Amino acid sequence: MARPDFSTLTTGEDFNQWYWLKAELVDICKQMNLPYSGSKFELRDRIIYALDNDGAILRKPTKKTSKSKFNWAKAELTLATIITDNVSFGPNFRRFMKAQIGPKFSCHGDFMDWMRANAGKTLQDAVLQWELLEARKADPNFRRDIAAYNQYNQYTRDFLDDNPGKTLKEAKQYWDKKKQLPAAGGAVVYERSDLTL
């Protein structure tokens, strides 16, 4: 059963059982005269709401405003600098971290997530945490978590784990077949039965 054309879908439930690329979601929002900025999940929710509510626009939740006015771009940073709720990872911050850690410093997602979750700690704590995060790489069994929105990467990882003799090219072929099938919430999840596709 191939994914139907969007124009034939009349309810949010019908729409939500299919996988859609972000570019497709943007096009659908434009067709429906809906705002088309935001994450893939925001666009999906907006379309589902509009289908179920006569084209009404889903109101965005009010954005949480930062309490801190600390200027991460211009302040002189030290190891005693407190991490604030408006932490920024711009050139000033990166220069500081490279001065502490060396040129190997990179501002990867795990580290930025830790910073955002640890307002009140210091940049000394941040330096130590970065070193801890990097030390994990020495463990041959270590793997970074894949973000929920990155279904392709999760699918291919799970496929290759379950089928060690197969290649990334083969994983992509199964992904291409699987994403055309209906699934709850449009989520493309690897299952061993995919090998019969």
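See the structure shown above.
Residues numbered from 1 in each chain as written. Predicted model: local features only at pLDDT ≥ 70, side-chain atom pairs only at ≥ 80, totals over all residues. Heavy atoms only, no water.

Q: Would you take a moment to explain the nonpolar core for this structure?
A: Grouped burial of nonpolar side chains is what soluble globular proteins tend to show. Among the nonpolar cores identified, the biggest contains 21 residues, and Phe93, Met97, Phe105, Phe111, Met115 and Leu123 are the most heavily contacted of them. Elements supplying a minimum of two residues to this core: α4 (91-101), α5 (109-117) and α6 (123-135). Top contributing element to this core by residue count: α6, with five residues. Excluding anything up to four places from it in sequence, Phe111 contacts Phe93, Met97, Phe105, Ala126, Trp130 and Leu133. Counting 15 residues, the second-largest nonpolar core is a separate cluster that includes Phe6, Cys29, Ile48 and Leu51. (Core = buried A, V, L, I, M, F, W, Y, C linked by side-chain atoms within 4.5 Å. Buried < 20%, exposed > 50% of the residue type's maximum accessible area, 1.4 Å probe, protein only. Helix = DSSP H or I, 4+ residues; strand = E, 2+ residues; numbered from the N terminus. Contact = heavy atoms within 4.5 Å.)

Q: Would you mind showing me how to read the packing of aromatic side chains here?
A: To describe a pair of aromatic rings, one takes the distance between the centres and the angle between the planes. Following the criterion strictly, the structure yields 17 aromatic pairs and no others. Between Phe70 and Trp72 the ring centres are 4.9 Å apart and the planes differ by 75°, which places this aromatic pair in the edge-to-face class. Judged by relative accessible area, Phe70 falls into the partly exposed class, the value being 28%. Linked through ring pairs, Tyr19, Tyr152, Tyr155, Phe159, Tyr174, Trp175 and Tyr190 together constitute an aromatic cluster. A cation sits over an aromatic face here: Arg3 above Trp20, 3.9 Å from the ring centre. Seen from the ring of Tyr174, Lys177 lies directly overhead, with NZ or CZ sitting 5.6 Å from the centre. (Phe/Tyr/Trp six-rings, centres within 6.5 Å; stacked < 30°, edge-to-face > 60°. Lys NZ or Arg CZ within 6 Å of the ring centre and 35° of its normal.)

Q: Just to check I follow, could you spell out helix α7 (residues 151-162) for this structure?
A: Every α-helical turn comprises 3.6 residues, leaving residues that sit three or four positions apart pointing alike. Counted at 1.5 Å a residue, the expected span for α7 with its twelve residues is 16 Å, and the 16 Å between its end C-alpha atoms agrees. For α7, the full list of buried residues reads Gln151, Tyr155, Thr156 and Phe159. Down the axis of α7, the sector holding all buried residues measures 125°, keeping them to one side. On its buried face, α7 is in contact with α8 (168-178). (Expected span 1.5 Å × (residues − 1). Arc of directions from axis to C-beta.)

Q: Would you explain the environment of Asp139 in this entry?
A: Its location among the elements puts Asp139 in the loop between α6 and α7. With a relative accessible area of 37%, Asp139 lands in the partly exposed category. Along the backbone, Asp139 and Ile57 are 82 residues apart, and their C-alpha atoms lie at a distance of 48 Å. Within polar-contact distance, the side chain of Asp139 engages the backbone nitrogen of Asn141 at 2.8 Å. (Polar contact = N/O pair within 3.5 Å; in protein donor to acceptor, adjacent residues only side chain to side chain.)

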